[in-house]
Number of protein chains: 2
Amino acid sequence: MTSPASTLSADEMGIRPRDLDQLCVDTIRMLAVDMVNAANSGHPGMPMGTADMAYVLWTRFLRHDPAAPSWRDRDRFVLSAGHGSALLYALLHLSGYDLSLDELRAFRKLGSRTPGHPERGITPGVEVTTGPLGQGFANGIGIALGQRMLAERFGTPELPVTTHRTFAIVSDGDLQEGVAAEAASLAGHLGLGNVVYLYDANSITIDGATDLSFTEDVGARFAAYGWQVLECDGHDRDALAAAIEGALADTGRPSLVVCRTIIGKGSPNRGGKSSSHGAALGAEETALTKDVYGWPHESTFLVPSEVYARFDERAVEGAAAHAAWDTDIARLATERPEVHAAWESHWTTELPSTEDLLAQLVDGWEPAKAASRKHSGAVLQKVAELVPNLVGGSADLAGSNCSTIKGSDFLGDGEGLSFSGSNIHFGVREHAMGSIVNGLAAHGAFIPFCATFLAFFDYMRPPVRLASLSHHGSIFVYTHDSIGCGEDGPTHQPIEHLWGLRMTPGVTMHRPADGLETAAAWADAITRRDGPTALILTRQGLPALPRAADFDNADLLRGGYVVVDAAGDADVILIATGSEVSVALDARDGLAALGIAARVVSMPSVELFDRQDDAWTTSVLPEGPARVVIEAGRPDGWYRFVGRDGLVIGLTDFGVSAPSPAAFEHFGITGPQVTDRVAEFLAAN
Amino acid sequence: MTSPASTLSADEMGIRPRDLDQLCVDTIRMLAVDMVNAANSGHPGMPMGTADMAYVLWTRFLRHDPAAPSWRDRDRFVLSAGHGSALLYALLHLSGYDLSLDELRAFRKLGSRTPGHPERGITPGVEVTTGPLGQGFANGIGIALGQRMLAERFGTPELPVTTHRTFAIVSDGDLQEGVAAEAASLAGHLGLGNVVYLYDANSITIDGATDLSFTEDVGARFAAYGWQVLECDGHDRDALAAAIEGALADTGRPSLVVCRTIIGKGSPNRGGKSSSHGAALGAEETALTKDVYGWPHESTFLVPSEVYARFDERAVEGAAAHAAWDTDIARLATERPEVHAAWESHWTTELPSTEDLLAQLVDGWEPAKAASRKHSGAVLQKVAELVPNLVGGSADLAGSNCSTIKGSDFLGDGEGLSFSGSNIHFGVREHAMGSIVNGLAAHGAFIPFCATFLAFFDYMRPPVRLASLSHHGSIFVYTHDSIGCGEDGPTHQPIEHLWGLRMTPGVTMHRPADGLETAAAWADAITRRDGPTALILTRQGLPALPRAADFDNADLLRGGYVVVDAAGDADVILIATGSEVSVALDARDGLAALGIAARVVSMPSVELFDRQDDAWTTSVLPEGPARVVIEAGRPDGWYRFVGRDGLVIGLTDFGVSAPSPAAFEHFGITGPQVTDRVAEFLAAN
């Protein structure tokens with residue numbers, strides 16, 4: 001696809017003459033001003049300040065094919081400063097992506113493809129969802145990591161298969177965020193020379209000058225991380241090009257190009273000031289700005305035909321590069337068909353159905369008492385055999401999380417920095433870990449997972465949320481899932497986190513009660529490629545649940561099912577998850593001794609249960625019996641199941657530092673205690 | 001209080017002879033080994049590796065009075081690497097804090113004062129709750145900031161009033177966390193020369209050698225932040241002392257002392273290895289370690305009398321320093337009684353009752369239509385007049401959050417770095433902001449608040465949780481509280497955050513519906529000094545609620561109350577919060593036109609409502625009428641109020657980028673749409 005032809009030249013539009021590059025840059029600026037004015041909302045300052053940087057990058061360096069936004073070896077561009085979305089939309093439109101001028105006119109309107117911040121999946125050419133600062137920075141590191149891992153798996157010096165680079169524009173705000181610091185440190189450690197980030201150093205934040213709060217030596221900091229640091233005038237296009245050349249020349253280190261810019265450049269009263277950051281210029285200042293740029297007052301959304309032509313040239317170059325790459329891949333298919341097949345399978349991830357994968361995972365399964373994290377570690381080995389593009393790791397808790405793929409290297413193992421393994425040491429960097437995993441998902445060749453303690457989900461909420469919003473199939477493994485983690489105490493004991501995950505839109509959570517449920521959780525996670533899955537696992541050992549000989553393992557994927565039914569009509573249904581299912585089973589026995597018939601329902605995934613048809617849900621939870629939920633966490637969300645008068649045995653306050661059994665007893669979550677609570681509850685109702 | 005006398009000397013205990021300092025250090029090590037062995041859980045490696053650092057710091061530098069753990073001008077010690085709690089408990093015991101050897105024996109047991117990670121409020125001498133890595137680092141910056149602000153408010157060169165320093169031991173893990181990076185950058189910016197952090201550079205993380213994932217030049221990074229960086233052998237006590245002297249000598253910059261240590265020092269098979277980090281040494285390795293240290297095998301928890309005597313000496317010095325400081329304060333009381341009174345009021349924070357404060361805040365109040373963030377900004381000015389030790393600020397959204405105390409400076413304003421103002425520019429550092437605010441709360445002289453968008457609560461969940469666990473009266477202001485933030489789109493629109501806050505144990509949340517409710521929220525937040533309060537505010541304008549002339553403003557503090565009752569017996573109760581209360585009022589009118597009588601209940605604080613007596617709650621929510629909740633967020637927690645068959649009009653998915661009214665209409669949260677939904681619901685039930 002080429003850009004839409006414009007019938008009018010700049011001259012015919014009444015635009016003051018200038019050289020073509022300048023005309024292109026100023027067109028980007030004016031489109032951004034027009035978009036924000038049309039929405040009467042948005043951020044004109046950043047696009048006006050970074051138009052030179054973006055133009056140089058997109059027309060001289062970025063290897064992309066606007067007609068094929070999902071070309072596997074395209075260079076990736078990440079707008080980490082997502083509030084500058086108008087810049088990105090202008091670039092996408094001019095470059096010939098399927099984003100019309102009318103979409104630019106509908107900026108920030110309901111249903112448009114030009115939302116306030118870039119959203120992956122909404123707009124062709126948007127690689128990752130950005131806006132929450134620092135996320136794009138870290139996503140880009142994940143994308144670059146994906147390229148490196150892929151290159152080492154499939155490339156040779158003669159036929160490298162993938163050579164794409166990851167570029168980003170990052171802001172002061174991005175660089176102040178801890179998540180970017182974590183990702184930068186890891187990128188330096190891994191020597192990701194395929195990363196080139198342009199830092200929009202405009203000396204302005206929302207509250208005023210950056211030196212109100214940000215006076216560190218950014219360049220020195222990044223050098224300390226192991227980055228190459230370059231600096232240039234962000235409005236000198238040749239200097240920018242030279243700096244980017246220098247960045248690309250260093251293939252052993254990521255590069256940060258500090259570009260000194262003027263925010264809102266060209267706006268006479270707001271240029272260089274925070275007032276240009278987050279509000280439309282408005283009629284008066286726009287008129288003055290148009291005077292500065294020699295742009296006609298009366299028209300908006302002007303794109304001279306020369307500008308389209310310039311971007312079309314670049315698109316032609318991109319298409320040619322794409323075609324050449326296609327030829328390379330065809331050569332791979334001919335010369336090394338097995339490698340090509342493996343390469344293809346990385347990208348297409350043709351997976352069995354969830355049921356079939358589960359069947360493979362539990363083939364020869366022997367029920368055993370073990371912590372669900374241990375079951376997970378065992379299942380992980382089988383998954384990794386079946387799914388070679390599964391990669392992941394832990395935030396320095398690999399042993400505790402049981403998250404290592406055995407027989408595969410860690411990144412960085414051996415002499416030099418090898419990227420052939422499937423295991424990643426993320427370091428104590430939960431936030432960057434989540435964001436890097438999202439970047440790996442965005443890259444497209446891998447199924448990424450990561451792991452830490454559930455309590456530290458709090459350190460990485462933003463990437464879990466963005467995984468869902470972006471439809472990434474990221475897999476988040478969280479162990480030590482309750483007071484059952486014991487002696488480490490309340491700082492390490494999750495309470496509000498179970499419902500915290502369930503309430504995050506689009507996240508599918510599993511809290512398995514034994515090994516079989518753990519296998520089902522993994523089967524579901526692996527085959528869900530359009531949204532994130534969270535696996536919630538115990539530190540402490542769990543018994544294997546008793547199941548009938550004719551139990552259908554497919555029922556494990558229904559989110560909730562009857563584990564052991566009542567003898568006769570149930571007086572009460574005990575609904576439990578994870579480690580509390582065996583507590584419920586104990587209570588069922590205790591209640592039976594009191595003449596109370598209890599059905600025990602395991603509900604490892606509320607989300608999956610909610611997706612079942614009424615026939616299933618009412619068969620599991622029929623009307624009539626009282627309902628009690630047992631879960632060692634906040635009860636709040638469970639009242640949807642038990643009603644105002646139902647009983648939820650959980651925790652409303654923080655945990656305690658004590659051995660796991662003592663902690664459970666302290667909070668009344670043992671078989672005998674639950675028996676008593678339920679019996680009292682039934683007697684009172 | 002002095003330490004308990006031990007009747008036996010080292011020699012009598014059968015401990016191999018050595019010099020006194022070495023004996024003290026080794027006693028600390030062995031106590032830690034014994035504690036972890038007794039618990040069969042914990043972290044021996046860190047205490048063994050840092051005992052030299054801690055001993056030098058505590059006996060040569062730390063100015064504290066174990067008999068008076070809350071001495072206002074004590075030096076603060078933060079164990080950021082909270083997993084090394086056994087080190088801290090050993091130090092506290094030896095120094096003479098009220099922590100017996102029996103408590104050390106009960107390490108990590110239910111009900112002990114020696115929980116797995118240090119918890120403020122449980123153990124005398126524990127300044128802040130640590131364990132989640134990076135938090136202590138940032139807390140310490142808040143404590144140091146409090147000292148600086150206090151010194152500038154009340155000190156003179158002749159009578160500085162406060163001169164305490166903040167020391168910490170920080171780990172590799174702390175320094176990998178983004179929150180520490182953010183806090184370090186701000187500390188460097190503010191030139192906090194009263195900060196001395198000892199970095200336990202032991203080259204080991206849980207997964208193995210730190211160079212698996214952490215090869216940055218930490219010293220160069222901190223220098224880039226504006227810190228003084230010193231380095232020494234962490235087992236050479238004189239070198240340590242010299243380095244700390246050097247750190248203290250630079251009063252214009254925070255200092256990081258990189259101490260090269262051996263984790264698990266002295267353990268023959270685990271020393272210098274990650275295997276010493278997180279598990280008890282066990283019988284065999286303990287025996288070997290005791291051989292290395294010349295410690296008797298058969299006994300545990302040995303403290304030779306010389307060791308107590310050495311720490312007693314330091315306690316005497318501390319008591320003398322405390323007494324001298326008391327004299328200074330007495331002089332202040334005599335010479336500058338008004339300053340002394342203001343100083344005292346900072347520490348004691350004698351506040352009016354919540355009702356009285358509210359009455360003062362709304363004195364002369366004129367109902368007006370405005371965004372609740374604007375109301376909050378107006379109330380803030382009154383609060384700041386009444387409560388001079390209120391300090392706070394925003395993460396670079398001061399204007400949007402309406403969080404500036406007018407007429408007061410920002411820190412750093414004017415020539416040089418002034419700390420006289422009440423406003424803090426935190427920069428785009430939400431996580432550190434929350435942790436620094438907790439540090440200010442821990443310091444004790446200020447009532448701290450901070451502000452950002454509610455969506456970015458996700459960037460700072462750990463400090464909100466720790467504020468609650470630590471009983472800090474931190475105030476968290478969150479604006480742009482729903483899809484009402486409009487065009488910025490789903491990345492900026494909170495959905496799961498309302499219940500996310502409500503589910504965090506101990507957090508009291510307010511989502512006010514108009515100006516009066518906003519004033520009540522502030523009155524409650526200011527007077528709650530034993531736990532955090534979150535204020536949830538709109539971007540968009542809200543009408544003032546209609547209220548009867550005899551409305552009692554004290555009812556605003558009951559969490560939920562009837563705004564407008566049904567005409568006659570209610571068919572339905574509409575419960576709403578914040579911006580949705582006016583939607584409910586519109587729906588009440590719409591329903592009335594359909595012959596349906598609706599009561600409207602505003603429930604700004606579920607937590608306060610839950611604390612009311614039954615008489616109040618049943619008067620607001622009587623049995624009988626159907627119940628409907630309207631809130632522009634996740635519905636999950638509301639079923640406790642409406643039951644399984646109740647209706648919750650909220651959002652289960654992410655928001656949209658669109659102007660606020662269009663977003664509300666898109667999700668069916670307007671008066672007419674709610675009217676229809678409720679009418680249909682009532683017809684069907």
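All values reported here derive from a predicted model rather than from experimental measurement.

Criteria and thresholds
- What you see as residue numbers is a count from 1 along each chain, following the sequence as written.
- In the order they appear in the text, chains get letters beginning with A and ligands get numbers beginning with 1.
- Local features in this predicted model are restricted to residues of pLDDT 70 or higher, and side-chain atom pairs are both shown and tallied only at a pLDDT of 80 or more, whereas totals for entire chains, interfaces and linings draw on every residue.
- The side-chain values count all of the structure's non-hydrogen atoms but skip hydrogen atoms and water molecules.
- DSSP calls a pair of strands paired once it identifies at least 2 bridges connecting them.
- Numbering of helices and strands runs from the N terminus; a helix is a DSSP stretch of H or I covering at least four residues, while a strand is a stretch of E covering at least two.
- Each axis is a line fitted through C-alpha atoms, taken for helices only over the stretch in contact, and angles between the N-to-C directions span 0 to 180 degrees.
- The least-squares superposition of copies is restricted to C-alpha atoms, and to residues with a pLDDT of at least 70 in both copies.
- What makes two residues a contact is simply this: any of their non-hydrogen atoms within 4.5 Å.
- Either an automatic procedure or a domain database provided the assignment from which the domain bounds are taken.
- Buried area: the accessible surface (1.4 Å probe) lost by two parts on joining, summed over both.
- Here a salt bridge means any side-chain nitrogen of Lys or Arg lying within 4 Å of a carboxyl oxygen belonging to Asp or Glu.
- Identification of polar contacts relies on pairs of N or O atoms within 3.5 Å, with a donor-acceptor requirement for protein atoms, meaning one able to donate a hydrogen and the other able to accept it, and with residues adjacent in sequence counted only if both atoms are side-chain atoms.
- Each residue receives one of three labels: charged for Asp, Glu, Lys and Arg, nonpolar for Ala, Val, Leu, Ile, Met, Phe, Trp, Tyr, Cys and Pro, and polar for the others, Gly being one of them.
- In these notes, a set of buried Ala, Val, Leu, Ile, Met, Phe, Trp, Tyr and Cys residues joined through side-chain atoms within 4.5 Å is what counts as a nonpolar core.
- Each residue gets one of three labels from its accessible area relative to the maximum for its type: buried under 20%, exposed over 50%, partly exposed in between, using a 1.4 Å probe on protein chains only.

A few points about the sheet that holds strand E2 (residues 166-171) of chain B
All names here are of chain B. Taken in spatial order, the five strands of this open sheet run E1-E2-E3-E7-E6, and their pairing is parallel. Two strands close off the open sheet at either side, each with one partner strand: strand E1 (76-79) and strand E6 (228-233). Strand-to-strand, the axes of this sheet are offset by a mean angle of 20°, without reference to chain direction. Pairing geometry for strand E3 (residues 195-201) and strand E7 (residues 255-260), over six bridges, is parallel. Within E7, the residue paired with Ala201 across the bridge is Arg260.

Comments concerning the relation of the copies chain A and chain B
Screw-axis analysis of chain A against chain B gives a translation of 0.0 Å along the axis, an RMSD of 0.0 Å, and a rotation angle of 180°. In the structure described here, the two chain copies are related by an operation that fits a two-fold rotation axis. Taking C-alpha positions as reference, the residue of chain A nearest the rotation axis is Gly178(A), located at 1.8 Å. By residue overlap, the copies meet face to face through one surface: 100% of the interface positions of chain A are interface positions in chain B.

Section: the domain arrangement of chain A
Residues and elements named next belong to chain A. Entries for chain A in the domain assignment read domain 1 (10-320), domain 2 (354-542) and domain 3 (559-684). Measuring from the centre of the C-alpha atoms in domain 2 to the corresponding centre in domain 3 gives 26 Å. Counting residues at the interface gives 27 residues for domain 2, matched by 32 residues for domain 3. Counting each side, the surface lost to burial between domain 2 and domain 3 is near 2,300 Å², with a carbon and sulfur contribution of 57%. In this assembly, domain 2 and domain 3 are joined by two salt bridges. Arg502 is paired through a salt bridge with Glu631; the nearest N and O atoms lie 2.7 Å apart. Along the contact surface separating domain 2 from domain 3 lie 16 residue pairs in polar contact (both at pLDDT 80 or more). Put simply, the parts of the chain that give the side of domain 2 that touches domain 3 at least two residues each are helix H19 (497-503), strand E13 (508-510) and helix H20 (515-527). For the side of domain 2 that touches domain 3, the per-class residue count stands at 11 nonpolar, nine polar and seven charged.

Some remarks on the nonpolar core
Ranked by size, the top nonpolar core spans 156 residues in total, and within it Leu390(A), Trp522(A), Leu574(A), Leu390(B), Trp522(B) and Leu574(B) carry the most contacts. In contact with Leu574(A), other than residues within four places in its own chain, are Ala584(A), Ala587(A), Arg588(A), Leu591(A), Ala598(A), Arg599(A), Val600(A), Val601(A), Val628(A), Ile630(A) and Val678(A). Membership of the second largest hydrophobic core comes to 142 residues, among which are Ala168(A), Val195(A), Cys450(B) and Val464(B).

Focus on the side chain of Thr354(A)
Mapping Thr354(A) onto the fold places it in helix H14 (residues 354-361). Discounting residues that sit within four places of it in the chain, Thr354(A) has contacts with Ala523(A), Asp524(A), Thr527(A) and Leu557(A).

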